[in-house]
Amino acid sequence: MADDVLFEFLHMEMVSHVYKEQASRDDIDKDRITCVSILEGMGFRVGQGLIERCTKDYPTFKDDLDVMKFLCKDFWTSIFRKQVDNLRTNHQGTYVLQDNKFALLTQVSSGKQHLEEAPKYLAYSCGLIRGALSNLGLESVVTAEVSLMPSCKFQVVIQKS
């Protein structure tokens, strides 16, 4: 329980720090893109490391769907103490992970008043997913969308090489 709160506070402080550092610059739109990129990069590196720990005693995966199931159950649980609520796929490399009570958004608000602030709190998590998949040999593009807080959807598009 205490670990969860510490992680949530650390995440909020990381977001706050990155945005404050960039606030002194002139171009606001460029800064927003830079901040999201920095947070996503931090998440990418952490995701790479965490997936190594989670999969060290796990057998190899059969296919992309197996990897995504592992990500939604074991990986997500190791970070957020709960599984993803819903996983959907079109069986062509696109997956949608839905978390109806996403831990990193519950502290921000539970309504529509802070909806425009949500993307900056999701960049790190997108990086976590992308980093984990990258370390498992799957290059991907991960985006997040929020229509009603604290619920969010992560869309993962696996890049076929």
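All residue numbers refer to position in the chain's written sequence, counted from 1. Only residues with pLDDT of at least 70 get local features here, since the model is predicted, and only at 80 or more are side-chain atom pairs given and counted; chain-wide, interface and lining totals rely on the full set of residues. As a convention, hydrogens and water are excluded, and side-chain values are obtained from all of the structure's heavy atoms.

As recorded in an unreviewed UniProt entry, the protein chain goes by Trafficking protein particle complex subunit 6B and comes from Pygocentrus nattereri. UniProt positions are given in the numbering used here, feature names are shortened, and annotations may be inferred rather than shown by experiment. Checking UniProt for the protein chain, the heading Sequence similarities (unreviewed entry) contains the comment "Belongs to the TRAPP small subunits family. BET3 subfamily." Word for word, the UniProt comment on the protein chain under Function (unreviewed entry) is "Component of a transport protein particle (TRAPP) complex that may function in specific stages of inter-organelle traffic. Specifically involved in the early development of neural circuitry, likely by controlling the frequency and amplitude of intracellular calcium transients implicated in the regulation of neuron differentiation and survival."

This part is about helix α3 (residues 64-80). The reported bend at a residue is simply the angle between two axes, fitted to the 7 residues ending at it and to the 7 residues beginning with it. Put simply, DSSP marks the helices as runs of H or I at least four residues long and the strands as runs of E at least two long, and each gets a number from the N terminus on. At L71, α3 is deflected by roughly 40°, the largest bend along its length. Those residues of α3 that sit buried are D64, V67, M68, F70, L71, C72, F75, W76, I79 and F80. Two residues or fewer past α3, R81 is found with a positive phi of approximately 65°. Only protein chains enter the accessibility calculation, which uses a 1.4 Å probe. A residue is then buried if its area is under 20% of the maximum for its type, exposed if over 50%, and partly exposed in between.

Along its 18 residues, helix α5 (residues 118-135) runs 27 Å from first to last C-alpha, staying within 8% of the 26 Å computed at 1.5 Å per residue. Most pronounced at Y124, the bend in α5 amounts to some 25°. Burial within α5 is extensive, with 15 of its 18 residues counted as buried. Backbone geometry just after α5 places G137 at a positive phi near 90°. Helix span is expected to be 1.5 Å times the residue number reduced by one.

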